[in-house]
Amino acid sequence: MTTQPAAVAHWQEQVADKRKRLQALIPAEWIIAPVSKDQANVLDVPKTCGLLTDRELEITNTTDVSLLLQKLASAEWSAVEVTTAFSKRAIVAYQLVNCLTEIFIDQALKRAAELDAYLKEHGTVMGPLHGLPISLKDQFQIKGLETTMGYAALIGQIAEDDAVLVKLLLRAGAVIYVRTNVPQTLMWGETHNNVFGRTLNPYNRLLTPGGSSGGEGALISMHGSPLGVGTDIGGSIRVPSHFCGLYGFKPSSHRMPSYGMVNSLDGQDSVPTSVGPLTTSLSGVTTFFRSVINQEPWRHSPETVPMPWSEDDYLLKNRDGGKKLCFGIMWDEGSVKPHPPVLRALGTVKKALEAAGHTVIDWSSLRHSEYVAVARAFWLADGSEDYNSCLTTGEPLINSMDPDADPNDIPVFRVPRQPLTAYQIWQLTKERRALRKAHLDRWEATSSLTGTGRPIDALIAPVAPYAAVPHGKTRSSIYTVIWNCLDFPSLIIPVTKVDPSVDGVPLREEFWSDEDKIVHELYDPELHKGLPVGVQVLGPTLQEEVVLGVGEVVDAALKAL
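Just so it is clear, the structure is predicted and the values come from calculations on it, not from any experiment.

> Quick question: what am I supposed to make of the overall build of the chain here?
Counting its regular elements, the chain contains 19 helices and 13 strands. The C-alpha atoms of the chain give 23 Å as radius of gyration, which agrees with the globular expectation for 561 residues (24 Å, within 12%). With respect to the three principal axes, the spread of C-alpha positions in the chain is 70 × 65 × 50 Å. Taking all 561 residues of the chain together, 58% fall into the buried category. When contacts within the chain are restricted to residue pairs at least 6 apart in sequence, those whose partners lie at least 24 apart make up 80%.

This is the structure:
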């Protein structure tokens, strides 16, 4: 009876020490004046706080990653000044929305100086990401640093080597300078843990930035990073991108290297984790993806698909160069109706594509709940043994993202299931295979409807039924999980922002499900005012270059509207 309080004290002491060490890494002159807790939107604070110079604001407000890289390559901006500018802004973001878990600016500036010297000596860049500051989700190991992944038990465990992706980013010339917050277990659509606390949405700090790559979403939306790397097993890149107004990309699960990355449910490979970017521009997505693929990551990460970058696919050469495409559009998944701004975003995309000469046909969701149920069954197949293996210090399992929740109240979806036997997992795998075949047949059958002789070139769908919601109010990620079950690449494109004058509360007397009613009642046009809304652009497994090429068409059509 006396061991439990001691264990509790021990893990809490570890957390306190970790937070103290993190705070000590912030230069004293970068501490800004406190901002009132009543100030919900903090996007302008980096400009008004007085820490950044006009030139640093110009650098960090440059949203087009390709332009940043051009200025770095021409030495108009040095790697040192770009790294300094984004480091300052990242520290400002951390003080406002609690998005960082590791800060290593001194090492980053040393690296930046080496890149500047290389450019001066050789007259050329070290690689395609030369001088670009890149943030990482707190899963990618960096030699000499802890990777806690939001667990107190992992404090003090020092990485002996860099993750493969880290090595490739450095080889491409990137500057890595911070890592970002995650939820405990990673398996949440919000971002909160016992080690670092809760990450807030810069558009409204009463709302969540999403999860589990919520630290990345919050940091990048404040322009504290031009590009970050996240992971996605059920929406963890896509939801933060949608909630925070960013471009995001979930490739097929084994297209990017994951070796050396710590993970929840590590070893579960039936509905596995994908690695991908969150960024301020579509050029950032494509540059990141191409830069990694061109280094043949399969030679370093054993599960990575040996599939070189296809420029022909990206340029849509087998699709008439993208001049006349046909898109499917999924307005809803059948059980939960999206809020008005989400439906308006879909309608805006349809209007833009049709104005650009493309065709858009409706896609009705079928058997959607079965895909979601299969994915969840795989994730819960261990009976929570994975979670428990990381709770060895007395740290409690977080059962709710709601700040006001009773920690002893365990919701139904967090109650451990009985572990599945190997045979039961095989049957589940067969069910997933049959679902994938059914979806493939539906996709191919659209050839008779498109007018191009091909199936639809991509599918447009909601990312979530809502824009960002209050902390603890996210619901099931039904609009994203299905695409993990199918292993489809998904590109997030920002489309619009919530406007109460056109996105009023719809009058509804009937609801499709109990969940539909709960989601409907979450909508508050005034609370959601000004929040970003994006869409998913989806394509079949391992067609990343096609999805990115089609994404260029969608993005250009929206900008021309």
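> For this particular structure, what's the right way to read the packing of helix H5 (residues 79-97) against helix H6 (residues 105-122)?
Packed helix pairs are characterised by how far apart their axes lie and by the angle those axes make with each other. At their nearest, the axes of H5 and H6 sit 8 Å apart, and the two run at 160 degrees to each other. Between H5 and H6, the angle is such that the two are roughly antiparallel. Handedness of the H5/H6 crossing: right-handed. Between H5 and H6, the residues in contact are Ala79, Val80, Thr83, Thr84, Ser87 and Ile91 and Ile105, Ala108, Leu109, Ala112, Ala113, Leu115 and Asp116, respectively. Of the residues assigned to the contact of H5 with H6, the class counts are 9 nonpolar, 3 polar and 1 charged.

> How do you make sense of the state of the cysteines when you look at a structure like this?
Here the structure, examined in full by the defined rule, presents 0 disulfides. Here Cys49 stays unpaired: no disulfide links it, and the sulfur of Cys99, its closest cysteine neighbor, is 14 Å away. For Cys49, a relative accessible area of 28% puts it in the partly exposed group.

> Would you mind going over the environment of Leu527 with me for this structure?
Relative to the helices and strands, Leu527 resides in the loop between helix H18 (514-522) and strand E13 (532-538). The contact partners of Leu527, leaving out residues within four places of it in the chain, are Asn204, Leu207 and Pro470.

> It is not clear to me how H6 should be interpreted in this structure. Could you clarify?
Residue pairs spaced three or four apart in an α-helix point in one direction, given the helix's 3.6 residues per turn. Helix length check: H6, at 18 residues, gives a terminal C-alpha distance of 25 Å against a target of 26 Å (1.5 Å per residue), a fit within 8%. On its buried face, H6 is in contact with helix H4 (65-73), H5, strand E1 (100-103), helix H7 (164-171) and strand E3 (175-180).

> Explain the nonpolar core here, please?
Soluble, globular proteins show a tendency: their nonpolar side chains are buried together. Grouped together as the largest cluster of nonpolar side chains are 164 residues, with contacts concentrated most on Leu169 and Val554. For this core, the leading source of residues is H5, giving 11 residues. Once residues lying within four places of it in the same chain are set aside, the contact partners of Val554 are Phe327, Val349, Leu353, Ile460, Ile493 and Val537.

> Can you help me understand the sheet that holds strand E9 (residues 326-329) in this one?
Within a sheet, adjacent strands bond to each other through the backbone by hydrogen bonds, running parallel or antiparallel. Taken in spatial order, the 11 strands of this open sheet run E1-E3-E2-E6-E8-E7-E12-E13-E11-E9-E10, and their pairing is mixed. Sheet topology places E1 and strand E10 (359-362) at the edges, where each strand pairs with a single neighbour. The sheet shows a mean angle of 30 degrees between the axes of neighbouring strands, taken without regard to direction. The pairing of strand E7 (residues 247-250) with strand E8 (residues 274-279) spans 2 bridges and is antiparallel. Its bridge partner lying in E8, Tyr247 is registered against Thr279. Strands strand E6 (227-232), E7, strand E11 (458-462) and E13 of the sheet are contacted by helix H17 (residues 478-486), whose axis makes an angle of about 25 degrees with E13.

> Would you take a moment to explain the packing of helix H10 (residues 282-293) against helix H19 (residues 544-560) for this structure?
With their axes 11 Å apart at the nearest point, H10 and H19 run at an angle of 165 degrees to one another. The orientation of H10 with respect to H19, classified from their angle, is roughly antiparallel. Crossing angle aside, the handedness with which H10 passes H19 is left-handed. Facing H10, whose interface residues are Leu282, Val285, Thr286 and Phe289, H19 presents Glu544, Leu548, Gly551, Glu552 and Asp555. Its residues placed into classes, the contact of H10 with H19 shows 4 nonpolar, 2 polar and 3 charged.

> Just checking my understanding: could you explain the side chain of Thr180 for this structure?
Structurally, Thr180 is set in strand E3. Among the residues examined, Thr180 registers a relative accessible area of 0% and is labelled buried. Within polar-contact distance, the side chain of Thr180 engages the side chain of Glu216 at 2.8 Å. The residues touching Thr180, leaving out its near neighbours within four places in the chain, are Cys99, Leu100, Thr101, Ser135, Leu136, Lys137, Asp138, Gly215, Glu216 and Leu219.

> Looking at this structure, I do not really get helix H8 (residues 214-221). What am I missing?
Across the 8 residues that make up H8, a large majority, 8, are buried. Among the residues making up H8, those that are buried are Gly214, Gly215, Glu216, Gly217, Ala218, Leu219, Ile220 and Ser221.

> Even after reading the chapter, I still don't get the pattern of salt bridges, so can you show me in this structure?
Opposite charge on two side chains permits pairing when their charged atoms draw close. Inspection of every chain in the model, using the stated rule, returns 24 salt bridges. For Asp457, the salt bridge is made with Arg319, and the minimal N-O distance between the two is 2.7 Å. Here Asp457 is found in the loop between helix H16 (447-450) and E11, whereas its partner Arg319 is found in the loop between helix H11 (311-314) and E9, with 138 residues between them in sequence. A residue is classified by how much of its surface remains accessible, and Asp457, at 3% relative accessible area, is buried. The exposure class assigned to Arg319 is buried, which follows from its relative accessible area of 16%. Of the charged contacts, one joins Glu370 and Arg367 as a salt bridge, the two residues approaching to 3.0 Å between their closest N and O atoms. Take Glu370: its relative accessible area is 29%, and that puts it in the partly exposed class. A single network of salt bridges, built from pairs that share partners, joins Asp17, Lys18, Arg21, Glu102 and Glu146.

> Could you clarify how one ought to interpret unusual backbone geometry in this entry?
Note on backbone geometry: most residues besides glycine have negative phi, and most peptide bonds are trans. Cis rather than trans, the peptide bond between Gly211 and Ser212 has omega equal to 5 degrees. The phi torsion at Ser384 lies on the positive side, around 75 degrees, for a residue other than glycine. Secondary-structure assignment places Ser384 in the loop between helix H13 (368-379) and helix H14 (385-389).

> Sorry, what's going on with the environment of Tyr203 here?
One can find Tyr203 in the loop between strand E5 (197-198) and H8. Here the alpha-carbon distance between Tyr203 and Ile460, two residues 257 residues apart in the chain, equals 25 Å. When residues no more than four places from it in sequence are discounted, the contact partners of Tyr203 are Ala40, Asn41, Leu43, Ser221, Phe243, Cys244, Lys497, Gly530, Leu531 and Pro532.

> So what exactly am I meant to see when it comes to the packing of aromatic side chains here?
How two aromatic rings sit relative to each other is set out by the distance from centre to centre and by the angle between their planes. One pass over the structure, following the stated rule, counts 8 aromatic pairs. Relative to Trp426, the ring of Tyr423 has its centre 6.4 Å away and its plane inclined at 70 degrees; by these criteria the two rings are edge-to-face. You can see Tyr423 and its partner Trp426 sitting in helix H15 (residues 422-445), 3 residues apart, about one turn around the helix. Judged on exposure class, the residue Tyr423 and its partner Trp426 are both exposed. Every member of this aromatic cluster is reached through a ring pair, and the members are Phe249, Phe289, Trp309 and Tyr314. Over the ring of Trp77 we find Lys71, and its NZ or CZ is 5.1 Å from the ring centre. Arg290 extends its terminal NZ or CZ atom over the ring of Tyr314, reaching a point 5.4 Å from the ring centre.

What counts, and at which threshold
The written sequence of each chain sets the order in which its residues are numbered from 1. Where totals are concerned, whole chains, interfaces and linings use all residues; where local detail is concerned, this predicted model gives features only for residues with pLDDT of at least 70, and gives and counts side-chain atom pairs only at 80 or more. Water and hydrogen atoms play no part in the side-chain values, which are based on all heavy atoms of the structure. Secondary structure is summarised from DSSP: a helix means a run of H or I of at least four residues, a strand means a run of E of at least two, and numbering begins at the N terminus for each. Restricting the calculation to C-alpha atoms gives the radius of gyration, and the globule rule supplies 2.2 Å times the number of residues raised to the power 0.38. In this scheme, a residue with accessible area under 20% of its type's maximum is buried, one over 50% is exposed, and one in between is partly exposed, where area comes from a 1.4 Å probe on protein chains only. Note on contacts: a residue pair qualifies if any of its non-hydrogen atoms lie within 4.5 Å across the two residues. Working convention: axes come from line fits to C-alpha atoms, limited for helices to the stretch in contact. Angles between N-to-C directions cover 0 to 180 degrees. In this scheme, roughly parallel covers angles under 35 degrees and roughly antiparallel covers those over 145, while 65 to 115 is roughly perpendicular and the rest are oblique. Note on convention: the crossing is left-handed when the near helix lies turned anticlockwise from the far helix by less than a right angle, right-handed when the turn is clockwise. Note that Gly is not counted as nonpolar here; it falls among the polar residues with everything else outside the nonpolar set of Ala, Val, Leu, Ile, Met, Phe, Trp, Tyr, Cys and Pro and the charged set of Asp, Glu, Lys and Arg. The criterion for a disulfide is a pair of cysteine sulfur atoms lying within 2.5 Å. Given a helix with a known number of residues, its expected span is that number minus one, times 1.5 Å. What makes a nonpolar core is a set of buried Ala, Val, Leu, Ile, Met, Phe, Trp, Tyr and Cys residues whose side-chain atoms join them at distances within 4.5 Å. If DSSP finds at least two bridges between two strands, the strands pair. Think of a polar contact as two N or O atoms within 3.5 Å of one another; within protein, one of them needs to be a possible hydrogen donor and the other a possible acceptor, and neighboring residues in sequence only count if both atoms come from side chains. The salt bridge criterion pairs a side-chain nitrogen of Lys or Arg with a carboxyl oxygen of Asp or Glu, the two atoms within 4 Å. Two rings belonging to Phe, Tyr or Trp (six-membered ring only in the last case) form a pair when the distance between their centres is within 6.5 Å. Interplanar angles under 30 degrees mark stacking, angles over 60 mark edge-to-face geometry, and anything in between is tilted. Geometrically, a charge over a ring is one whose NZ (Lys) or CZ (Arg) sits within 6 Å of the ring centre while staying within 35 degrees of the ring normal.

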